[in-house]
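This is what each chain is made of:
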Amino acid sequence: MPGTPTALPTALPAARTPDPMDAPALRWGVMGTGWIAERFVRSVHRHTRQRFTAVASRDAARAEDFAGRHGVPGSYGSYEDLAAAPDVDVVYIATEHTAHLACARIALEGGKHILVEKPIGLDAAQAAEIAELATGQGLFCAEALWTFFLPKFDVIRQLLDSGALGEIHTVLADLGEYFTAEHRILRPELAGGPLLDLGTYPVSLATWVLGAPAETLASGQPHPAGVNGQTSAILRGPQGSQAVLHTTLFSDTPTTATLAGSRATLSLPGPFYQPGDLVLTPSGGGTQLTYTEPRTAHDALYYEAAEVARCIAAGLRETPLRPLEDSVVTLRAMDEIRRLCGITFDQ
Ligand SMILES: NC(=O)c1ccc[n+]([C@@H]2O[C@H](COP(=O)([O-])OP(=O)(O)OC[C@H]3O[C@@H](n4cnc5c(N)ncnc54)[C@H](OP(=O)(O)O)[C@@H]3O)[C@@H](O)[C@H]2O)c1
C-alpha cells in the first residue's frame, strides 16, 4: 500500500505514538490467567494509568492467586461473573484461541468493551462474527496484535504511507520457536500448530503491506502430536507482489522480516514483531538509516492498552492501528493456507 513517491528520506520519521501515561485511565478486567495474561497485566500496571479491577478464571482459586500477585481487587471463578461486574469498562480476553469467540460474546453481552488476544478468532468467520457482535452492541473491539501498536510500527506506517520504499515487490517474514511437549501449541483440541500462535505475525505483516492475497501457495509438515509442525507460504498480492512466509514450532528460527521496495529495503532484525531496530537501505547502496528502540520484548504490551483506552475515551469502536477488517483479512489468508496444507481444527 505505498503512497505517492517522495524523495528518499534523509532521516527516519519519529514515532507519533502518544505517551501511554497520558491515556485516560479505564477499569480493566482480564479473562484467563495464563502466560500472556501475566505479562499483559504486569506491563500495563507498570507503564500506564490503566488499572485492572478484576480477573476471571474457570477456577476461583486460580483467579484469587492471580489477583493477589498483581494487586487486582476483584476475582471471579467464572468469565460470566466478570462480564457482569459493575466496576469493569473493558475486558482483555487472554484465553486460548478456541475460547476467544465465546469469551468475546460473554463480555459484549455484559456490556463490556473488548480487547481480544491474537488471533481474534480461529478463522475469518469467527473474526467477522466477533466484529459484528461488537458493532451490534455499540462496543469497542480490537485484536490484541501488539506489534501494530509499537512505536517501531508507527515508523513503518509512515514509511509506507509516504511511499519511501517505492513499489514493494517482496515481503519476507519468518517466525519459528521451539516448544516443549507440554505446551498447548501441541494440542489438537486447542487448535494447536504454529500458524495461529506464531504465523499470525508474518501473515498479518504481509497482508498489511501488500493487501489481501490474490493467490496463495502453501506447504505444511505435520508434527507427531497431531498438529501442523511447520508451514511455508507464498502470498501473491493483487499487483503480482510476493510475500514469502514461514512458521514452525520445531525450532528457533531467525524471526526476521524484510520489506523490499524499488527505492529502498527495510530490514527488521529478529524478533521482528517485538520492539527493536529498523534498518532502511537505499536500493543500489547509499547511507543506511537506522531506527532504534529498547528491545523490551513483552514488557511493551502496554502500548496496545493505552491505544484502546484512548479510542474508547474518544468514542471510537475500533482502532485505526489494527482495524477489525485487517484481522478478518489476516485470518482469511490463514484459512486459505490451512486449506492448501490440509490443516483442520477439531472445533
Ligand atoms: N501477544 C503475545 O505476545 C502473545 C503471546 C502468547 C500468547 N498470546 C495469545 O494469548 C492467548 C493465550 O495464550 P497463552 O500462551 O497465555 O496460553 P495459556 O498460558 O495456556 O493460557 C490460556 C488461558 O486460557 C484459559 N482457558 C480457557 N479455556 C481453556 C481451555 N479449554 N483449556 C486451557 N485453557 C483455557 C485458561 O485460563 P483459566 O484457567 O484461568 O480460565 C488459561 O490460563 C492465545 O490466543 C495466544 O495466541 C499472545
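Everything numeric here is computed off the predicted structure, so don't read it as measured data. (Residues numbered from 1 in each chain as written. Predicted model: local features only at pLDDT ≥ 70, side-chain atom pairs only at ≥ 80, totals over all residues. Heavy atoms only, no water.)

Some thoughts on the overall build of the chain
Logical step 1: Scanning the chain for helices and strands turns up nine helices and 14 strands.
Logical step 2: Relative to its length of 347 residues, the chain is compact, with a C-alpha radius of gyration of 20 Å against a globular reference of 20 Å.
Logical step 3: Along the first, second and third principal axes, the C-alpha atoms of the chain reach 60 × 50 × 35 Å.
Logical step 4: The burial tally for the chain puts 55% of its 347 residues in the buried class.
Logical step 5: Long-range pairs, those at least 24 residues apart, make up 69% of the contacts in the chain between residues at least 6 apart in sequence.
Logical step 6: Of note, the chain has its 26 positive side-chain charges centred 3 Å away from the centre of its 38 negative side-chain charges. (Helix = DSSP H or I, 4+ residues; strand = E, 2+ residues; numbered from the N terminus. Rg over C-alpha atoms; globule rule 2.2 N^0.38 Å. Buried < 20%, exposed > 50% of the residue type's maximum accessible area, 1.4 Å probe, protein only. Contact = heavy atoms within 4.5 Å. Lys, Arg positive; Asp, Glu negative; His and termini not counted. Charge placed at Lys NZ, Arg CZ, Asp CG, Glu CD.)

Section: the sheet that holds strand β3 (residues 74-76)
Logical step 1: Read from one edge of the open sheet, six strands run β3-β2-β1-β4-β5-β6, paired in parallel fashion. Each of the sheet's edge strands pairs with one partner strand only, and the pair in question is β3 and β6 (141-144). Direction aside, the axes of adjacent strands within the sheet are offset by 20° on average.
Logical step 2: Where strand β2 (residues 51-56) meets β3, three bridges bridge the pair, whose relative direction is parallel. In the strand pairing of β3, Val 55 is matched with Ser 75.
Logical step 3: Against the sheet, helix α2 (residues 60-70) makes contact with β1 (27-31), β2 and β3, and its axis sits at roughly 160° relative to β3, the strand it touches most.
Logical step 4: Against the sheet, helix α8 (residues 302-313) engages β1, β4 (90-93), β5 (113-117) and β6, with an angle of about 155° to β5. (Pairing = 2+ DSSP bridges. Axes fitted to C-alpha atoms, helices over the stretch in contact; angles between N-to-C directions.)

Things to note about the environment of Leu 165
Logical step 1: By the secondary structure assignment, Leu 165 is in the loop between α6 (151-162) and β7 (168-176).
Logical step 2: For Leu 165, a relative accessible area of 2% gives the class buried.
Logical step 3: Sequence separation between Leu 165 and Ala 264 is 99 residues; the distance between their C-alpha atoms is 4.7 Å.
Logical step 4: Filtering out sequence-adjacent residues up to four positions away, Leu 165 remains in contact with Leu 159, Leu 160, Leu 259, Gly 261, Ser 262, Arg 263, Ala 264, Leu 266 and Leu 280.

Some thoughts on the side chain of Ser 241
Logical step 1: Relative to the helices and strands, Ser 241 is located in the loop between β9 (228-236) and β10 (242-248).
Logical step 2: Beyond its immediate sequence surroundings of up to four residues, Ser 241 is in contact with Ile 168, His 169, Leu 210, Leu 235 and Arg 236.

Focus: the confidence of the model for the chain
Logical step 1: Residue-level pLDDT values for the chain average 97, and 98% of them are 70 or greater.
Logical step 2: Counting contacts from residues 1-5, a segment whose pLDDT is below 50, to residues more than four positions away or on other chains yields 16 contacts. (pLDDT = per-residue confidence, 0-100.)

Remarks on unusual backbone geometry
Logical step 1: Following Lys 118, the chain continues into Pro 119 via a peptide bond in cis, with omega recorded as -15°.
Logical step 2: Structurally, Pro 119 can be placed in the loop between β5 and α5 (124-137).
Logical step 3: Of note, the amide linkage connecting Gly 270 to Pro 271 takes the cis form, showing an omega dihedral of -5°.
Logical step 4: Structurally, Pro 271 is set in the loop between β12 (264-268) and β13 (278-282).
Logical step 5: Although it is not a glycine, Ala 297 sits at a positive phi angle of roughly 50°.
Logical step 6: Owing to a relative accessible area of 26%, Ala 297 belongs among the partly exposed residues under this scheme.

Regarding the packing of aromatic side chains
Logical step 1: Throughout the structure, instances matching the rule amount to 11 aromatic pairs.
Logical step 2: On the numbers, 5.8 Å between centres and 45° between planes, the contact of Trp 28 with Phe 52 is tilted. In this pair, Trp 28 is assigned in strand β1 and Phe 52 in strand β2, connecting sequence segments 24 residues apart.
Logical step 3: You can call Trp 28 buried: its relative accessible area is 0%.
Logical step 4: Judged by relative accessible area, Phe 52 falls into the buried class, the value being 2%.
Logical step 5: Among the aromatic side chains, those forming a connected cluster through ring pairs are Trp 28, Phe 40, Phe 52 and Tyr 92.
Logical step 6: Positioned over the ring face of Trp 35 is Arg 39, at 3.8 Å from the centre of the ring. (Phe/Tyr/Trp six-rings, centres within 6.5 Å; stacked < 30°, edge-to-face > 60°. Lys NZ or Arg CZ within 6 Å of the ring centre and 35° of its normal.)

Some remarks on the site of the ligand
Logical step 1: Lining the immediate surroundings of the ligand are 22 residues, of which Thr 33, Ser 57, Arg 62, Tyr 79 and Lys 118 lie closest.
Logical step 2: Between Glu 117 and the ligand, the recorded distance is 3.4 Å, taken from a side-chain N or O atom to a nitrogen atom.
Logical step 3: Here the ligand, which alone exposes 890 Å², has 85% of that area covered by the protein.
Logical step 4: When residues of the shell around the ligand are traced back to their parent elements, those giving at least two are α1 (35-47) and α7 (194-210).
Logical step 5: In terms of residue class, the shell around the ligand is made up of seven nonpolar, eight polar and seven charged.
Logical step 6: Both domain 1 (20-146) and domain 2 (148-297 + 321-341) contribute no fewer than three residues apiece to the shell around the ligand. (Near = heavy atom within 4 Å. Polar contact = N/O pair within 3.5 Å; in protein donor to acceptor, adjacent residues only side chain to side chain. Areas by Shrake-Rupley, 256 points an atom, 1.4 Å probe, with all protein chains shown as cover. Nonpolar A, V, L, I, M, F, W, Y, C, P; charged D, E, K, R; others polar. Domains from an automatic or database assignment.)

Observations regarding the sheet that holds strand β14 (residues 289-291)
Logical step 1: Strand order across the open sheet formed by eight strands is β8-β9-β10-β7-β11-β12-β13-β14, with mixed pairing between neighbours. Taken across any chain shown, the strands that pair with only one partner, and hence form the sheet edges, are β8 (215-222) and β14. Across the sheet, the mean angle from the axis of one strand to that of its neighbour is 10°, orientation sign disregarded.
Logical step 2: Along the sheet, α6 makes contact with β7, β11 (257-261), β12, β13 and β14, crossing β12 at roughly 165°.
Logical step 3: Across the sheet, α7 is in contact with β7, β9, β10 and β11; its angle to β10 comes to roughly 165°.

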